[in-house]
Amino acid sequence: MPALDVLVRYGVHLRVPLLGAIALCVLPALMRTQPLFANLFELTAAELFVVGIAAGLAGWTCVMTALLVLRLAPARYRLPGSAWFALDDAGRPRHRAFELSIALLLGSGGLVVAGRSEQPDPEAWDATATLACIGGVATGLAAVRLVERLVVLRLLAPRIGTPATEPDPSAPWWRAGYFAPGSWRPLAGHLPALAGLAVLALVYAWMATRAPEQVAVPVLAMLVFALALLVSALAGLAFFFDRFGLPLLLVIVAWTALGGAFTDSTHVFFVRPRAQAPQRATVAQALDQRRPEDHRVVVVCAEGGGIQAAAWTANVLVQLDRTIGDFHRRLALVSAVSGGSVGAMDYLAHFDPHAPLTQADGDAVLRAAKASSLVPVGWAMVFKDLRRALGMRFLIDASMDRSLALEASWRRALPPLQHATLGDWAERTARGELPPVVFNATFAGVGERPNKGKRLMLTTVDFGTTAAPRNERLHSFFDYYGRHAYPGIEPLRETFDVDVVTAARMSATFPYVTPLARAAAAGSHELIEGRKDYVADGGYFDNSGIATAMDWLLQALAHDPGLRVALVLVRSFPESLARQADPRIGAWANAVYGPLDLMLATRSSTQAVRADIEAQLVEREGRVRVFAMPFDTDTHIQPPLSWHLSRAQQAQIDAAWAYGGDRSPRAVAAKLAEWCAGH
């Protein structure tokens, strides 16, 4: 067989460990540069040590599975072998130090390069972090070596055979590469590999039974551990199916398709049956309940953007509450999207209709909005949602996924949200105890769905069912998931309510961080028949929240000719922090990825332009004045898109309130206070 053909065939059979090694080396550096993943690297030395242990296991898994293929390829695939990879007469590797060195390089190289990469965040990766990471990798490899010497060589060596370096044409397919010729003794390498896979699977199963708050493991370590488990399992499958030339990808697709045919792995959000629909005020009634004598009210639009938007929205609302003495009486509507919904939820959880927030309550709101949810989301993604991909019913935990873990972390961060429902808030709004709030979401779902791409308003007021521009019907949660007649939609047999935390989560269903979900009954987990639409992030429809504010203004201004409205636009991302073009991105990348990147960028820019135009047009009406609350600082730290803020990013949130001189949010708040006073 020509040498090139042998090399190519070995490359094909080694694809799983090779891809695992590439992922271990390259993915950390790529993740470090992305706002969605960058804060995975904000770790203490102890946490980096744990990550290093996981990386050491992953590096050794890649090396071990590669060596298994190299040593057993002659017996399994009838390829010529190499004496360099052969074991000695005692069944021990001849070049173990070299193999461990490769594993050490794989485990630590990518992490150290990613950690020490030049970033705008001043919290640089120092020498202590590097030593902790390398020390963790070395510790993981030392543990592997210790187990190998104590268990594999002493207990298993007498029971295993030495791999042949020449093909055995007489061996049947189910024995070739697995058992020694003429006996049932497994060939060297299989029992250690199987033992390693079993240990990884047991650790995975144990961690899957822990609650997220009990798992003191960094998310980066979880992801690296999952990589080790996948490499070990997929390498074993590839070793078996490659004998028949059956592509591993085809096997995986067939498995997941078969599992999907017999298993419902739908992600859900839970709704609760109510004896009757909550008493909701109309826009006009809610306005009459809260309108001050001078008819001057404030409407807040909070845009989306993960924890950055949540923290900045909460900061703006708390600061306005502290700056304007009667802000709690003038706040007439909060229209929020995605992360802005989370910040608004945190503020309204402590809202007092009779007095401004106390210092303690305001501080509690700010802490809750900045609280990290990275570990719960990462834990659920690795130990819950990864099992859904296997498509087996007994592996699926319907009571937990990364969205539900995110909800649980928000409840822990702010106790007043433990049992609050949107219906409870609607009734408080009807009594004038709470300003109306709208958590904006978007209907979604693959296939022909009449509501796909339309807005779902998880709102505490009744906007009515009048048609919006271009016949876009206003879908309110209590109308859509209710049993009373709803134009064009069959009524349900029950009326449902939803937790406030769940409503905010549905508005903040950030792509891939939290999955699209359908409504299911709490307790029974049964999907709500007749409502097959999925719900996605409100930013797909309108990331500023201004579209819903316009619907409110149309009704409110018509109801009260003397009404004066301050429209506060909470903008959570700095305009001055434009991302620089990477000169390494050439024509090929632009040709392949450019159209998709442009489509996503254009969607965001057109929404922003449209929101600005709508604000300018409504301001010309004469009864509305726009107050923009931009986020900007001089530190130029890239805001995150995940649910974790670094210490520098938290400080940036605090500093942004006073940044900008006469155009700072604090100065704008002072002007808003003057407007509220009638000046």
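The paragraphs below set out a description of the structure included in this document. (Residues numbered from 1 in each chain as written. Predicted model: local features only at pLDDT ≥ 70, side-chain atom pairs only at ≥ 80, totals over all residues. Heavy atoms only, no water.)

**Some remarks on the overall build of the chain**
Threshold: A run of H or I in DSSP becomes a helix once it reaches four residues, and a run of E becomes a strand once it reaches two; helices and strands are each numbered from the N terminus. Relative accessibility under 20% of the residue-type maximum defines a buried residue, over 50% an exposed one, and the middle range a partly exposed one, all with a 1.4 Å probe and only protein chains included. All accessible-area figures derive from a Shrake-Rupley calculation using a 1.4 Å probe, and residue coverage is judged against the displayed protein chains alone.
Scanning the chain for helices and strands turns up 22 helices and 13 strands. Residue burial in the chain is summarised as follows: out of 679 residues, 52% are buried. For the chain, the accessible surface area stands at approximately 30,300 Å², while carbon and sulfur atoms represent 62% of it.

**Thoughts on the nonpolar core**
What counts here: Only buried residues count toward a nonpolar core. Its members are Ala, Val, Leu, Ile, Met, Phe, Trp, Tyr and Cys residues joined through side-chain atoms within 4.5 Å. For this analysis, residues touch if any pair of their heavy atoms sits within 4.5 Å.
Counting residues in hydrophobic clusters, the biggest one holds 83 residues, and the most contacted among them are Leu-320, Tyr-347, Leu-458, Tyr-481 and Leu-672. At nine residues, the largest contribution of residues to this core is made by helix 10 (residues 306-323). Not counting residues up to four positions away in its chain, the partners in contact with Leu-672 are Val-298, Leu-320, Ile-324, Ala-566, Val-568 and Phe-627. Counting residues in each nonpolar core, the second largest holds 71 residues, with Met-31, Val-63, Ala-75 and Phe-270 among its members.

**Topic: unusual backbone geometry**
Unusually for a residue other than glycine, Arg-78 sits at a positive phi of about 60 degrees. Inspection of the secondary structure puts Arg-78 in the loop between helix 3 (45-77) and helix 4 (96-115). The exposure class of Arg-78 is partly exposed, given its relative accessible area of 42%. If you check the backbone angles, Ser-338 has positive phi at about 50 degrees while not being a glycine. Tracing the sequence through the fold places Ser-338 in the loop between strand 4 (331-337) and helix 12 (339-349).

**Description of the sheet that holds strand 9 (residues 495-498)**
Applied cut-off: Pairing between strands is defined by DSSP: at least two bridges between the two strands are required. Working convention: axes come from line fits to C-alpha atoms, limited for helices to the stretch in contact. Angles between N-to-C directions cover 0 to 180 degrees.
Across the sheet, three strands lie side by side as 9-1-10; this open sheet has mixed pairing. Two strands close off the open sheet at either side, each with one partner strand: strand 9 and strand 10 (518-521). Each strand of the sheet is rotated relative to its neighbour by a mean of 50 degrees, with strand direction disregarded. Pairing of strand 1 (residues 268-274) with strand 10, which is carried by four bridges, proceeds in the parallel orientation. Note that in strand 10 the partner of Val-271 across the bridge is Ala-521. Across the face of the sheet, helix 18 (residues 500-507) comes into contact with strand 1 and strand 9 while running at roughly 140 degrees to strand 1.

**Description of helix 4**
Our working rule: Take the number of residues in a helix, subtract one, and multiply by 1.5 Å to get its expected span. In this analysis the local bend is the angle between axes fitted, respectively, to the seven residues ending at and the seven residues starting at the residue.
With 20 residues, helix 4 extends 29 Å between its outermost C-alpha atoms, agreeing within 8% with the 28 Å of an ideal straight helix rising 1.5 Å per residue. Of all the bends in helix 4, the largest measures some 30 degrees and sits at Ser-108. Three or more residues of helix 4 are buried, namely Arg-96, Glu-99, Ala-103, Leu-106, Gly-107, Ser-108, Gly-110, Leu-111, Val-112, Ala-114 and Gly-115.

**Regarding the packing of aromatic side chains**
To be explicit about the condition: Any pair of Phe, Tyr and Trp rings, taking the six-membered ring for Trp, is counted once the centres come within 6.5 Å. Such a pair is stacked with planes under 30 degrees apart, edge-to-face with planes over 60 apart, and tilted for the rest. As a reminder, the over-ring test applies to NZ of lysine and CZ of arginine, requiring each to be within 6 Å of the ring centre and within 35 degrees of the ring normal.
As enumerated under the stated definition, the model contains 16 aromatic pairs in all. Geometrically, the ring pair formed by Phe-627 and Trp-675 is edge-to-face, given 6.4 Å between the ring centres and 65 degrees between the ring planes. Placement of Phe-627 in strand 13 (residues 624-630) and of Trp-675 in helix 22 (residues 665-676) is noted, with a sequence separation of 48 residues between them. Its relative accessible area of 4% is what places Phe-627 among the buried residues. Under the relative-accessibility criterion, Trp-675 is labelled buried at 7%. Following the ring pairs from residue to residue traces out a cluster consisting of Phe-269, Phe-443, Phe-477, Phe-478, Tyr-480 and Tyr-481. Residue placement shows Arg-296 over the ring face of Trp-675; its charged tip is 4.8 Å from the ring centre. The residue whose ring lies beneath Arg-531 is Tyr-480, and the NZ or CZ to ring-centre distance is 4.9 Å.

**Overview of the side chain of His-13**
This is how the line gets drawn: Counting of polar contacts relies on pairs of N or O atoms within 3.5 Å, with two restrictions inside protein: one atom must be capable of donating a hydrogen and the other of accepting it, and residues adjacent in sequence are counted only when both atoms are side-chain atoms.
With respect to the helices, strands and loops of the structure, His-13 is situated in helix 1 (residues 3-13). For His-13, a relative accessible area of 9% gives the class buried. At a separation of 3.2 Å, a polar atom in the side chain of His-13 contacts the side chain of Asp-242. Those residues in contact with His-13 that sit more than four places away from it in its chain are Val-69, Tyr-77, Leu-79 and Asp-242.

**Re the pattern of salt bridges**
Basically, it comes down to this: Here, a salt bridge means any side-chain nitrogen of Lys or Arg that lies within 4 Å of a carboxyl oxygen of Asp or Glu.
Applying the stated criterion across every chain yields a total of 20 salt bridges. In this structure, the salt-bridge partner of Arg-274 is Glu-427, at a minimum N-O distance of 3.2 Å. Placement of Arg-274 in strand 1 and of Glu-427 in helix 16 (residues 422-430) is noted, with a sequence separation of 153 residues between them. When the shortest N-O distance is used, the salt bridge between Arg-330 and Asp-294 registers 2.8 Å. On the criterion of sequence distance, the pair formed by Arg-330 in helix 11 (residues 327-330) and Asp-294 in the loop between helix 9 (283-290) and strand 3 (296-302) is long-range, its members being 36 residues apart. Residue classification places Asp-294 among the partly exposed positions, given a relative accessible area of 34%. A network of salt bridges, in which partner residues are shared, links Arg-272, Glu-407, Arg-411, Asp-499 and Arg-505.

**Some words on the environment of Leu-516**
Looking at the secondary structure, you find Leu-516 in the loop between helix 18 and strand 10. According to the relative accessible area criterion, Leu-516 is partly exposed, its value standing at 36%. Along the backbone, Leu-516 and Val-268 are 248 residues apart, and their C-alpha atoms lie at a distance of 7.9 Å. Apart from the residues within four sequence positions on either side, Leu-516 is in contact with His-267, Ala-444, Thr-509, Tyr-534, Val-535 and Ala-536.

**Some details on the packing of helix 2 (residues 15-32) against helix 4**
To keep it simple, the criterion reads: These descriptions rest on fixed angle ranges, namely under 35 degrees for roughly parallel, over 145 for roughly antiparallel, 65 to 115 for roughly perpendicular, and the rest for oblique. Each crossing gets its handedness from the near helix: less than a right angle anticlockwise from the far helix is left-handed, clockwise is right-handed. Throughout, the ten residues Ala, Val, Leu, Ile, Met, Phe, Trp, Tyr, Cys and Pro are labelled nonpolar, Asp, Glu, Lys and Arg are labelled charged, and all others, Gly among them, are labelled polar.
Contact pair helix 2 / helix 4: the axes reach a minimum separation of 8 Å and the direction vectors enclose 15 degrees. By the angle class used here, helix 2 and helix 4 are roughly parallel. Note on packing geometry: the crossing formed by helix 2 with helix 4 is right-handed. Every residue of helix 4 that contacts helix 2 at Ala-21, Leu-24, Cys-25, Pro-28, Ala-29 and Arg-32 is listed here: Leu-106, Gly-107, Gly-110, Leu-111, Ala-114 and Gly-115. For the contact of helix 2 with helix 4, the per-class residue count stands at eight nonpolar, three polar and one charged.

**Here's the deal with the side chain of Thr-459**
By the element assignment, Thr-459 lies in strand 6 (residues 455-459). Polar side-chain contacts of Thr-459 include one of 3.4 Å to the backbone oxygen of Val-437. In this structure Thr-459 touches Leu-422, Val-437, Val-438, Ser-476 and Phe-478, once residues within four positions along its chain are discounted.

**So, a nonpolar patch on the surface**
This is how the line gets drawn: Like charges within 9 Å and nonpolar side chains (Val, Leu, Ile, Met, Phe, Trp, Tyr) within 5 Å are joined into patches, using only residues over 30% in relative accessible area that form no salt bridge.
A surface patch of nonpolar side chains, amounting to about 670 Å² of accessible area, comprises Trp-173, Trp-174, Trp-184, Phe-244, Leu-246 and Leu-250. Structurally, the position occupied by Leu-250 is in helix 8 (residues 248-262).

**Here's the deal with the environment of Ala-208**
Of note, Ala-208 is situated in helix 6 (residues 190-208). For the pair Ala-208 and Phe-383, spaced 175 residues apart in sequence, the C-alpha separation works out to 5.0 Å. Setting aside chain neighbours within four positions, we find Ala-208 in contact with Trp-379, Phe-383, Lys-384 and Arg-387.

**A look at the packing of helix 6 against helix 14 (residues 374-388)**
Put simply, helix 6 and helix 14 touch, their axes get as near as 10 Å, and they point 110 degrees apart. Compared by their axis directions, helix 6 and helix 14 come out roughly perpendicular. Facing Tyr-204, Met-207 and Ala-208 of helix 6, the residues of helix 14 in contact are Trp-379, Val-382, Phe-383, Lys-384, Leu-386 and Arg-387. Class assignment of the residues belonging to the contact of helix 6 with helix 14 gives a composition of seven nonpolar, no polar and two charged.

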